Amino acid sequence: MTALADGDLDRLELSALDDFPALTKLGVDRDLIDTVLGDFCEDAQRSQRVDADFNLQFRPGDVARLLADIDRPDLQRSLCRAALSVIAADQNVHRGESILLWAALDAWDLQLANFLRSPTAFVPRFQEDKALRSGSSFY
């Protein structure tokens, strides 16, 4: 979801997950990520969570309900690290990405310090999401 949160599916962001240790350990590879993303987008279209420009739209509570299925603390921390890798890949923090990350932290009762091993070495530039320019809402 983090790769879609800025309104654009970016291969640079997806490539950040290629060698992510926790995903490799779970047997998650690029083909599985592509399949899951495709299924997620199809589900979003069927449930009318996609606007005319194919931007994902979430109602309040949607993200928390999706994240509630992940109840193992070790997976929650690993997924937050993976989300940060995706966010950092293009050296920009988009509004939708930050909203999604904070929603995950809230849903799982985590703080950044709980799962960060070291601070990220980039200085983020905040950039307005394509989906939000038209006045739509991510969360």
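Because the structure is a prediction, the values reported are computed rather than measured.

What counts and what doesn't
- Residues numbered from 1 in each chain as written.
- Predicted model: local features only at pLDDT ≥ 70, side-chain atom pairs only at ≥ 80, totals over all residues.
- Heavy atoms only, no water.
- Helix = DSSP H or I, 4+ residues; strand = E, 2+ residues; numbered from the N terminus.
- Buried < 20%, exposed > 50% of the residue type's maximum accessible area, 1.4 Å probe, protein only.
- Contact = heavy atoms within 4.5 Å.
- Areas by Shrake-Rupley, 256 points an atom, 1.4 Å probe, with all protein chains shown as cover.
- Core = buried A, V, L, I, M, F, W, Y, C linked by side-chain atoms within 4.5 Å.
- Expected span 1.5 Å × (residues − 1).
- pLDDT = per-residue confidence, 0-100.
- Polar contact = N/O pair within 3.5 Å; in protein donor to acceptor, adjacent residues only side chain to side chain.
- Axes fitted to C-alpha atoms, helices over the stretch in contact; angles between N-to-C directions.
- Parallel < 35°, antiparallel > 145°, perpendicular 65-115°, else oblique.
- Nonpolar A, V, L, I, M, F, W, Y, C, P; charged D, E, K, R; others polar.

Below, the discussion takes up the overall build of the protein chain. A tally of helices and strands in the protein chain yields eight helices and two strands. Per-residue burial for the protein chain yields a buried fraction of 40% across its 139 residues. The contacts in the protein chain between residues at least 6 apart in sequence include a share of 71% that link residues at least 24 apart. Working note: accessible area of the protein chain is about 8,300 Å², and carbon and sulfur atoms make up 53% of it.

Let's shift gears to the nonpolar core. Ranked by size, the top nonpolar core spans 15 residues in total, and within it Cys80, Leu101 and Trp108 carry the most contacts. Every element with two or more residues in this core is listed here: helix H4 (62–67), helix H5 (73–89) and helix H6 (95–107). Among the elements that make up this core, the one with the highest residue count is H6 (five residues). Every residue in contact with Trp108, bar those within four places of it in the chain, is listed here: Leu67, Ile70, Gln76, Leu79 and Cys80. Residues Ala3, Leu14, Phe40 and Val86 belong to the second largest nonpolar core, which totals twelve residues.

It is worth spelling out H6 at this point. Residues that lie three or four places apart on an α-helix share one face, since the helix turns once every 3.6 residues. Here H6 spans 18 Å end to end across 13 residues, near enough to the 18 Å set by a 1.5 Å rise per residue. Burial in H6 covers these residues: Gly96, Glu97, Ser98, Ile99, Leu100, Leu101, Ala103, Ala104 and Leu105.

Here the phi dihedral of Gln91 falls at roughly 65°; this positive angle occurs in a residue that is not glycine. At Asp109, a residue that is not glycine, the phi angle is positive and equals roughly 55°. Among the structural elements, Asp109 can be located in the loop between H6 and helix H7 (112–115). By relative accessible area, Asp109 is classed as exposed at 69%.

Take the confidence of the model for the protein chain next. Atomic detail in the predicted coordinates should be set aside for any region of low pLDDT. Looking at the protein chain, pLDDT values average 76 and 72% of them are 70 or higher. Of all secondary-structure elements in the protein chain, the lowest mean pLDDT belongs to helix H8 (residues 130–133), at 49, while H5 reaches the highest, 87. Under a pLDDT of 50 for its full length, residues 119–123 has, in the predicted model, five contacts with residues more than four places off or in other chains. Every residue in residues 131–139 scores below 50 in pLDDT, and together they form 25 contacts with partners more than four places removed in sequence or on other chains.

With respect to the helices and strands, the residue Asp90 is situated in the loop between H5 and strand S1 (92–94). Engagement of the side chain of Asp90 in a polar contact is seen with the backbone nitrogen of Asn92, the distance being 3.0 Å.

The N-to-C vectors of H5 and H6 enclose an angle of 170°; their axes lie 11 Å apart at closest approach. On the basis of the axis angle, H5 is roughly antiparallel to H6. Two secondary-structure elements touch here, H5 through Cys80, Ala83, Leu84 and Ile87 and H6 through Glu97, Leu101, Ala104 and Leu105. Here the contact of H5 with H6 is composed, by residue class, of seven nonpolar, no polar and one charged.

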